[in-house]
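# Coordinates in review
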Amino acid sequence: QVQLVESGGGLVQAGGSLRLSCAASGLASERTFSPYAMAWFRQAPGKEREFVAGVDWWNSDTTSYADSVKGRFTISRDNAKNTVYLQMNSLSPEDTAVYYCAADFYGGGGRNRQDSYEYWGQGTQVTVSS
């Protein structure tokens, strides 16, 4: 079973930057990690989990972003390293949340829907101070 492990979260001042990483873990060396898409979601206390950004695994030019982060966040992936990244710039306190990465192996669903993704990481905390 695919395991996803996020890293790179932490405390940053408003206006600063962070880069999150999500690496596939627990795969045998002979197994290929080949999802249709990877995405980042986030969840703030008392709020629903929301879509942040997504990228097609084999077409890195095909990306999507929530309106709230477009122009500030950039999603990318490294197929050779089985890793997806989220570069977050111009961070605001409104970006404070637990950030989760997710993998879609079946396709067919909307990229911004939680139920499109079968595998989820444990999350990494991002806190932006004002």
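Since the structure is predicted, the reported quantities are computational estimates derived from the model, not experimental observations.

### Quick word on the nonpolar core
Grouped together as the largest cluster of nonpolar side chains are 29 residues, with contacts concentrated most on Met38, Trp40, Leu86, Met88 and Tyr99. When residues of this core are traced back to their parent elements, those giving at least two are strand E3 (18-25), strand E4 (37-43), strand E5 (50-56), strand E7 (73-78), strand E8 (83-88), strand E9 (97-104) and strand E11 (124-129). Among the elements that line this core, the one with the most residues is E9, at four residues. With five residues, the next largest nonpolar core counts Phe41, Phe51, Ala102 and Tyr117 among its residues.

### Considerations on the sheet that holds strand E1 (residues 3-7)
Here we have four strands laid out as an open sheet, ordered E1-E3-E8-E7, and antiparallel in their pairing. Each end of this open sheet is capped by a strand with a single partner; those strands are E1 and E7. Averaged over all pairs of adjacent strands, the angle between strand axes in this sheet comes to 15°, irrespective of strand direction. Note: E1 against E3, five bridges, orientation antiparallel. Bridged to leucine 4 within E3 is alanine 24.

### Examining the pattern of salt bridges
Within the structure shown, the criterion is met by six salt bridges. Residue aspartate 95 is joined to arginine 42 by a salt bridge in which the shortest nitrogen-to-oxygen separation is 2.9 Å. Taken together, the residues aspartate 95 in the loop between E8 and E9 and arginine 42 in strand E4 connect sequence positions 53 residues apart. For the pair aspartate 95 and arginine 42, a shared accessibility class is recorded, and that class is buried. Residue arginine 111 pairs with aspartate 56 through a salt bridge whose shortest N-O separation is 3.2 Å. With arginine 111 in the loop between E9 and strand E10 (119-120) and aspartate 56 in strand E5, the pair connects residues that are 55 residues apart, well separated along the chain. By relative accessible area, aspartate 56 is classed as buried at 17%.

### Re the packing of aromatic side chains
Tallied over the entire structure, the rule returns seven aromatic pairs. When the ring of phenylalanine 41 is compared with that of phenylalanine 51, the centres are 5.6 Å apart and the planes differ by 80°; the resulting orientation is edge-to-face. Of the two residues, phenylalanine 41 is situated in strand E4 and phenylalanine 51 in strand E5; the sequence distance between them amounts to ten residues. Summarising the burial analysis for this pair, phenylalanine 41 and phenylalanine 51 share the class buried. Ring pairs connect the aromatic residues Phe33, Trp57, Phe105 and Tyr119, which therefore count as one cluster. Over the aromatic face of tyrosine 100 sits the side chain of arginine 49, whose NZ or CZ is 4.0 Å from the ring centroid. Cation over ring: arginine 49 sits above tryptophan 120, and NZ or CZ is 4.9 Å from the ring centre.

Calculation rules
- Residues numbered from 1 in each chain as written.
- Predicted model: local features only at pLDDT ≥ 70, side-chain atom pairs only at ≥ 80, totals over all residues.
- Heavy atoms only, no water.
- Core = buried A, V, L, I, M, F, W, Y, C linked by side-chain atoms within 4.5 Å.
- Buried < 20%, exposed > 50% of the residue type's maximum accessible area, 1.4 Å probe, protein only.
- Helix = DSSP H or I, 4+ residues; strand = E, 2+ residues; numbered from the N terminus.
- Pairing = 2+ DSSP bridges.
- Axes fitted to C-alpha atoms, helices over the stretch in contact; angles between N-to-C directions.
- Salt bridge = Lys/Arg side-chain N within 4 Å of Asp/Glu carboxyl O.
- Phe/Tyr/Trp six-rings, centres within 6.5 Å; stacked < 30°, edge-to-face > 60°.
- Lys NZ or Arg CZ within 6 Å of the ring centre and 35° of its normal.

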